[in-house]
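Understanding the architecture of this molecule
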Amino acid sequence: MNNYKNILNHINIMTSEEKWKRIIENDIDSDGKFFYAVKTTKIFCRPSCKSKTPLRVNVTFFDTKNQAIAAGYRPCKRCRPDLLQFNPSEDLVYKTKNLIDIYFNNSYDLEREIQDLGINRNHLNKLFLSYYGKTITQYLRFVRVEKAKLMLLEGSKIIESAFECGFGSVSSFYSSFKKETGYAPKLFIKIMKNNK
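About the cut-offs
In every chain, residue numbers begin from 1 and rise along the written sequence. Local features are withheld for residues below a pLDDT of 70 in this predicted model, meaning they are given only at 70 or higher, and side-chain atom pairs are given and counted only at 80 or more; totals for whole chains, interfaces and linings count all residues. Side-chain metrics rest on all non-hydrogen atoms present in the structure, leaving aside hydrogens and water. Here an axis means a line fitted to C-alpha atoms, over the contact stretch when the element is a helix, while the angle between two N-to-C directions is reported on a 0 to 180 degree scale. Think of it this way: any DSSP run of H or I at least four residues long counts as a helix, any run of E at least two long counts as a strand, and we number them from the N terminus. Oblique is the label for any angle not under 35 degrees, not over 145, and not in the 65 to 115 range, which are roughly parallel, roughly antiparallel and roughly perpendicular in turn. In what follows, residue pairs with any heavy atoms lying within 4.5 Å of each other are defined as contacts. Classes in brief: Ala, Val, Leu, Ile, Met, Phe, Trp, Tyr, Cys and Pro nonpolar; Asp, Glu, Lys and Arg charged; the others, Gly included, polar. Here the expected length of a helix is defined as 1.5 Å per residue gap, with one fewer gap than residues. Burial classes: relative accessible area under 20% of the type maximum marks a residue as buried, over 50% as exposed, and values in between as partly exposed (1.4 Å probe, protein chains only). To pair, rings of Phe, Tyr and Trp, with the six-membered ring standing in for Trp, must have centres within 6.5 Å; the planes then decide the type, stacked if under 30 degrees apart, edge-to-face if over 60, and tilted in the middle. Lysine NZ or arginine CZ positioned within 6 Å of the ring centre and within 35 degrees of the ring normal marks a charge as sitting over the ring. Note on definitions: salt bridges are taken to be side-chain nitrogens of Lys or Arg within 4 Å of carboxyl oxygens of Asp or Glu. Should DSSP find at least two bridges between two strands, the strands are regarded as paired.

Brief notes about the packing of helix H7 (residues 136–153) against helix H9 (residues 170–181)
As a packed pair, H7 and H9 sit with axes 9 Å apart at the nearest point and diverge in direction by 95°. Considered as vectors, H7 and H9 are oriented roughly perpendicular to each other. Residues Gln138, Arg141, Phe142, Val145, Ala148, Lys149 and Leu152 of H7 lie in contact with H9, whose contacting residues are Phe173, Ser176, Phe177, Lys179, Glu180 and Thr181. Here the contact of H7 with H9 is built from residues that sort into six nonpolar, three polar and four charged.

Listed below in structure tokens is the structure:
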């Protein structure tokens, strides 16, 4: 039996049991080598799909996405097996950036939306840093300060700008503003007015 498995591995053919094991492990290295479909939902996925693991009895395997489609299965909306390339990490950091851009001034809603992405916060932070060169907190501070700069230049008061942009206190606003611009808000306004 072991010789048979070694031969199969050598010629890159996986048994159903091996494919099932790769699905349970969400093995990204198996993506493109086979697809699996769930009979009860009529959906097919990549082996790395993070959706809930189906019952083994409901799973069937296909070598190509076209075989799965021809058999009447539709592609999973989570792992997108119909796309030539799919990078879930890139998708997650892009979604996170969009959430920050939308909810920058509401910490509660922002935190809830990020939690709904269903990924460990530390892991997400590392991914975000690798794509954008800033942590989630650093990018959030950057967005808030950029919005505050616009408000200040349009004539808003410092305290109004601070709270409208999501800062919890005037002192945290001053600290963040100086980190991002190198200036205190009043000095920033003065410099910008003198440069007009």
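A few points about H7
Count 3.6 residues to each turn of an α-helix, and residues three or four apart come out pointing the same way. With 18 residues, H7 should cover 26 Å at 1.5 Å per step; its first-to-last C-alpha distance of 26 Å lies within 8% of that length. Those residues of H7 that fall on the buried side of the exposure criterion are Ile136, Tyr139, Leu140, Val143, Arg144, Val145, Ala148, Lys149, Met151 and Leu152. Of the residues trailing H7, Gly155 is marked for its positive phi of about 105°.

Thoughts on the packing of aromatic side chains
Geometry of an aromatic ring pair is reported as the spacing of the ring centres plus the angle between the planes. Enumeration over the complete set of coordinates arrives at eleven aromatic pairs. Measuring from centroid to centroid gives 6.1 Å for Tyr139 and Phe142, while their planes differ by 35°, and the two rings are tilted. Placement of both Tyr139 and Phe142 in helix H7 is noted, with a separation of three residues, approximately one turn of the helix. The partly exposed category is assigned to Phe142, whose relative accessible area is 29%. A cation sits over an aromatic face here: Lys42 above Tyr73, 4.2 Å from the ring centre.

Here's the deal with the pattern of salt bridges
Applying the stated rule across the entire model yields nine salt bridges. Across the salt bridge formed by Glu25 and Lys21, the nearest N and O atoms sit 3.1 Å from each other. Close ionic contact of Arg22 with Asp27 constitutes a salt bridge, the shortest N to O distance being 3.9 Å. Salt bridges sharing partners connect three or more residues here, namely Asp109, Arg112 and Glu113.

Some words on unusual backbone geometry
Of note in the backbone geometry, Lys42 takes a positive phi value of approximately 65° without being a glycine. Here Lys42 is to be found in the loop between strand S1 (35–38) and strand S2 (43–45). Given the relative accessible area of 34%, Lys42 is considered partly exposed. Of note in this structure, Arg80 is not a glycine but carries a positive phi near 50°. Note on placement: Arg80 falls in the loop between strand S4 (74–75) and helix H4 (88–103). Note on Arg80: relative accessible area 29%, which makes it partly exposed.

Let's talk about the sheet that holds S4
Taken in spatial order, the four strands of this open sheet run S3-S1-S2-S4, and their pairing is mixed. Strands with a single pairing partner mark the edges of an open sheet, and in this sheet they are strand S3 (59–62) and S4. Here four bridges tie S1 to S3, and the two strands are oriented antiparallel to one another. The residue of S3 that forms the bridge with Phe35 is Phe62. Here helix H2 (residues 16–24) sits on the sheet in contact with S1 and S3, set at roughly 105° to S3.

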